[in-house]
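Structural overview
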Amino acid sequence: MPRELAQRLFHELEQLPLIDPHSHINPHAAASKTLADILGYHYYTELAHSAGLPKERIEEPGISPKEKVGRLIEKLGEIDNSVQLSWFLDLAKTFFGFEDDRLTLQNWERLYDASAKKMAEPDWEEQVLKISKLEAVFLTNDFDDPLTGFDTKRYIPCLRTDDLVFHFENPATRERFAKATGITPTSAATIRNGIGKLFSHFKANGVRACAISLPPDFSPAAVSDGPGLDNALAKVLSEQGCADSRRLVSQFVFWTIAQYCAEFKLPFDLMIGVNRKVYPQGVYQGQDLFDHRVSLIQYKELLNAFPQVTFPISVLGQTSNQELVSYAWIFPNVVTNGHWWYSNIPSYIELDTRSRLEAVPRTKQVGYYSDMYKLEFGLPKFRMYRRILAKVLAEDFVIGRNWSEARALELGKTVLRGNVERIFSV
Amino acid sequence: MPRELAQRLFHELEQLPLIDPHSHINPHAAASKTLADILGYHYYTELAHSAGLPKERIEEPGISPKEKVGRLIEKLGEIDNSVQLSWFLDLAKTFFGFEDDRLTLQNWERLYDASAKKMAEPDWEEQVLKISKLEAVFLTNDFDDPLTGFDTKRYIPCLRTDDLVFHFENPATRERFAKATGITPTSAATIRNGIGKLFSHFKANGVRACAISLPPDFSPAAVSDGPGLDNALAKVLSEQGCADSRRLVSQFVFWTIAQYCAEFKLPFDLMIGVNRKVYPQGVYQGQDLFDHRVSLIQYKELLNAFPQVTFPISVLGQTSNQELVSYAWIFPNVVTNGHWWYSNIPSYIELDTRSRLEAVPRTKQVGYYSDMYKLEFGLPKFRMYRRILAKVLAEDFVIGRNWSEARALELGKTVLRGNVERIFSV
Amino acid sequence: MPRELAQRLFHELEQLPLIDPHSHINPHAAASKTLADILGYHYYTELAHSAGLPKERIEEPGISPKEKVGRLIEKLGEIDNSVQLSWFLDLAKTFFGFEDDRLTLQNWERLYDASAKKMAEPDWEEQVLKISKLEAVFLTNDFDDPLTGFDTKRYIPCLRTDDLVFHFENPATRERFAKATGITPTSAATIRNGIGKLFSHFKANGVRACAISLPPDFSPAAVSDGPGLDNALAKVLSEQGCADSRRLVSQFVFWTIAQYCAEFKLPFDLMIGVNRKVYPQGVYQGQDLFDHRVSLIQYKELLNAFPQVTFPISVLGQTSNQELVSYAWIFPNVVTNGHWWYSNIPSYIELDTRSRLEAVPRTKQVGYYSDMYKLEFGLPKFRMYRRILAKVLAEDFVIGRNWSEARALELGKTVLRGNVERIFSV
């Protein structure tokens, strides 16, 4: 019976229209054009590469989309156990009528061609959104994104700030900053003013969140104006930063952004724990990893300093989940946010969902986001989550606590949708 | 069938009279007088605060108990998913005949009044103990507790030593110490002598354990008498401690206490991992959190130096559980002790219980303690544990290893009760 | 049904002949002669010691095997909950016809005598291998093992390198090195040359892997030839090493071994995370523990520098499993390897198996190794793993993803056996 019950709850949750609170969708090309767009998702390229497919074959310049897919297919059999490939099969069935259990050297071309035809339909993007029940999707916008040419109600701007916090030493970042703000970043004051202009621009264009990904060794801290900061900025802006000056500049910019989040009443999504380029020879977007030795205690000063800012927090390491649960249980401004990247696999989602539903106020949990680059992934990724959520609701609440199915469903809908609307003011 | 089996085991475990090996009960006011005593438990105030109830509303001086409860009720709907609120509903049903599924703005007053009447009965404390099958409850006594005016067979003294180890710099601590021992703490010798007097006093009054909570960065170490220690003590006792002198003094006092535990044959409960006042604006008792980056390797010197002292160890972080299991599997003097605070939620209790029953000698596991401040919580907290224990016994032992139900039950009783008696010589 | 399904898969997996990719078998005395060989496994001595049996009673010189077993039996009742004792009961039933549910003071002698008779049969080793379906077993060979006098197809050499990397300061190691290689270790060049000779010797004798266990604080790094290294070597080889010089020498030797693994095309098994002699008063082999604060980020330089070397990695801490999964998902040369020591208990194996099957290419997972010292343990330890693997295949793949049983079984066989053959070129 638990299985049937979970199935019923799952089917009910499947009916709920969604707002996806974090993705990497390009609003000018939200849906895929070929299977290469879909199988080009870093999960497939990195797993195929991990299984032995040379990077050169995957990223060879000038190969056609079909050729690229054909090369990936060679190795997909070796990752057919992965939940990531199960996402692909799910979307292939749902969107393209794929009926086989496996993707093979024999059947992939038929799928390629059938899907290409489907994706060429003029309203493909609309179809995907409708079938996926996606009403709106948050973006990940560069700080200098003009935010024009798309419907910001459907594709909701989110100001991504990694470049500002960590890459002011890069001349390209400084140029983009100057161009976007009209202000050359030469000092604490100019940087502060420029960032203010970015916030105004985003605010005028319907931004609903600010976001950043952070390495395990980063600790936000207030930085006083004065010679120490000026000196560090001078070094970094002249590309002569040392570890200390870089850290100080990052802390200064980060804190400045948090101040603007307060001023502009924006939630600040913290995605904590990624080490970039751990495997520099990896495929595109398949080079980053992590160090589980990070603690939310590093965010103590920040969380205390900005009680008026909501911090939806994602952690990369599953071993950080209990801290996240505990900090969200104590700090009013901490919200648990989805299941990120290396933690976005069913066994970890289940344990993390369970603990969050046991100990974090129901109104402070954003259940899931897709993190997708192409729209077609919303359906299978959210579906994976809904299946797990339904299982937890069935076992822990309906059976474990004698809740009615209706009540359990209400809880599920709150974390799947209601909280997204409220927390991000959508 | 596994569910029915688990149910049967659960009902058998429910019959077992308990000795609760760790609580914060005030033996002079063990039971509650109003729902404000019950809902004033920090879990409810901190979760309601986390969900948005201002601290000022919760802690406003002079409000009546009923007013306080009424204010908390406003936010309890937002934490109705929490296991902590399920404890409340369980005790409200058991003790006060509450029959609804939820606590609401509509029904709380009836419950308030009915429960007030019940709690006013002259033998309420006795009733709670009897219904909860609690034969004895360990206390958490300040070092200067006179230990008079209560039955130390029912409310068993436990010498809590946080103040001694960490707060000698505080003049109030030194005054309390001088008053309780007749010795002014001015040197290693006077402190050592005074602590000896405290142990004698506690021993004369039926103490059964010494206990302390420890921050993640603490590492016990033997400290030699000599100018280094004298110098550190001089600084700390004159309130001019630096990090180093404070650490040295804490290590000295801690080690001294461990020596007395050996001399007085007392188990020394170590509760490892709490960072105090991480969120200083939080409600009373809702300000502490943790850093999961702590290791039992920090206790290597201690565990080797005191083979004759039993250390029942609790860890705050669930990610420390495997170390606890492994250290208890290797060190004869390490005992696993309950499920503490942020780890005291079903998903973590289940995983931790499972691993402990798989790899730690059955005689070295203290299954659970209530950690309660008011007697009414013993029942629902132990019941939560019993439910999980019954599930693990059913699945892993009766089904997984073909044990008879009687044998599984015997194992359950050993960790629930038998070990408490033996380890703490009750 | 899930249970029946899991049972069916388990019975199918039981039919599969195995190659055990890591053990401590002595090929000259692979099987046991008495129960003392079996119950002398450190799991029993350390758990009995942990439960209170004095080391002196366990390790008293000159006691007979039967006396030793009799003493251990006294305490085994207190560890009858442990999965380790369940291994013993399983093998006693399978190999010696033991029919009781518990081992007691009453029935152990009968078992002792019956088993002694069985083990005295001239083909006992053959019988155990056959019943256990073990076709080949990897060894753990000292670097100076002559590798003669046994069938290296059945007992496959594996070059264990802990002594080389960590113990050159020990004169005994240097003597063994000189004797085995004909080269006195006096410099980087002589050590490098000598290690080359060891690799040649092992290669000539069918070695299939190199292996090492590593403490949590070790980070491999390339070490340049030059005065820095020479100076460090001079200190260490004259037994005057400091922490820095020891670390540099260890890094140099480790890196040299990795270079030879590349040259000789050998996988390099890394067993990460053990602290040696944490409890020096513990029984033989029952003194080591760990610090969960270790990260695979410490291996970044190594994994990048040797793309041509396969690194089957075991982690001692369960909290390191997600990093292992993630590094194996990204790095082509990282393979997940079994469930090691303190992580080798069902609750952790299940969670770890689940996450690995969800996110690591199927071809990059070595499901299990026995780590045994005596052949009789292969059967119950692999059986424990098969039971868990069957459960995960049933729940997550057949039920969760609608796979056929045949397909799930194929996945199971790949991680149990196929990958061992391919990865280690057996």
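Residues numbered from 1 in each chain as written. Chains lettered and ligands numbered in written order. Predicted model: local features only at pLDDT ≥ 70, side-chain atom pairs only at ≥ 80, totals over all residues.

This part covers the nonpolar core. Ranked by internal contacts, the top residues of the largest apolar core, which has 443 residues, are Leu393 of chain A, Leu393 of chain B together with Leu393 of chain C. In this structure Leu393 of chain B touches Leu9, Val398, Ala408, Leu411 and Gly412 of chain B, once residues within four positions along its chain are discounted. (Core = buried A, V, L, I, M, F, W, Y, C linked by C-beta atoms within 7 Å. Buried ≥ 20, exposed ≤ 12 C-beta atoms within 10 Å, placed from the backbone. Contact = placed C-beta atoms within 7 Å.)

Between the two copies, chain A and chain B, the superposition gives an RMSD of 0.0 Å; the rotation angle is 120 degrees and the shift along the axis is 0.0 Å. Put plainly, the chains are arranged around a three-fold axis. In this assembly, only 8% of the residues forming the interface of chain A have copies in chain B that are likewise at the interface, indicating a heterologous arrangement. (Least-squares fit on C-alpha atoms with pLDDT ≥ 70 in both.)

All names here are of chain B. Of note, Asp371 is a non-glycine position whose phi angle comes to about 60 degrees, a positive value. If you trace the backbone, Asp371 turns up in the loop between strand S11 (365-366) and helix H17 (378-399). Given 19 C-beta atoms within a 10 Å radius, Asp371 is considered partly exposed. (Helix = DSSP H or I, 4+ residues; strand = E, 2+ residues; numbered from the N terminus.)

Residue and element names in this part refer to chain B. Strand order across the open sheet formed by six strands is S4-S5-S6-S9-S10-S11, with parallel pairing between neighbours. Edge strands, defined here as strands with exactly one partner in the open sheet, are strand S4 (158-160) and S11. Looking at chain direction, S4 and strand S5 (residues 209-214) are connected through three bridges and run parallel. Bridging from a neighbouring strand, Arg160 pairs with Ala211 of S5. (Pairing = 2+ DSSP bridges.)

Let us look at the sheet that holds strand S11 (residues 365-366) of chain A. Read from one edge to the other, the open sheet built from six strands follows the order S4-S5-S6-S9-S10-S11 (chain A), with strand pairing classed as parallel. Each edge of the sheet is formed by a strand with only one pairing partner; in this case those strands are strand S4 (158-160) and S11 of chain A.

Bringing the interface of chain A and chain B into the picture now. Counting residues at the interface gives 26 residues for chain A and 32 residues for chain B. The set of elements that each furnish at least two residues to the side of chain A that touches chain B consists of helix H14 (300-305), helix H15 (321-330) and helix H16 (346-359) of chain A. Grouping the amino acids of the side of chain A that touches chain B by side-chain chemistry returns 11 nonpolar, seven polar and eight charged. (Nonpolar A, V, L, I, M, F, W, Y, C, P; charged D, E, K, R; others polar.)

Within strand S5 (residues 209-214) of chain C, six of the six residues are buried, which leaves it mostly tucked inside the rest of the structure. Of the two faces of S5 of chain C, the one lined by Ala209, Ala211 and Ser213 of chain C and the one lined by Cys210, Ile212 and Leu214 of chain C are each fully buried.

Below, the discussion takes up the domain arrangement of chain A. Residues and elements named next belong to chain A. Each assigned domain of chain A is listed with its residue range as follows: domain 1 (34-119) and domain 2 (127-423). One C-alpha centre belongs to domain 1, the other to domain 2; they are set 29 Å apart. With 16 residues of domain 1 in contact, the opposing surface of domain 2 contributes 19 residues. Broken down by secondary-structure element, the contributors of at least two residues to the side of domain 1 that touches domain 2 are helix H2 (35-39), helix H3 (42-50), helix H4 (55-58) and helix H6 (83-96). Considering every element that reaches the side of domain 1 that touches domain 2, the biggest residue donor is H6, with six residues. Class assignment for the residues of the side of domain 1 that touches domain 2 results in seven nonpolar, four polar and five charged. (Domains from an automatic or database assignment.)

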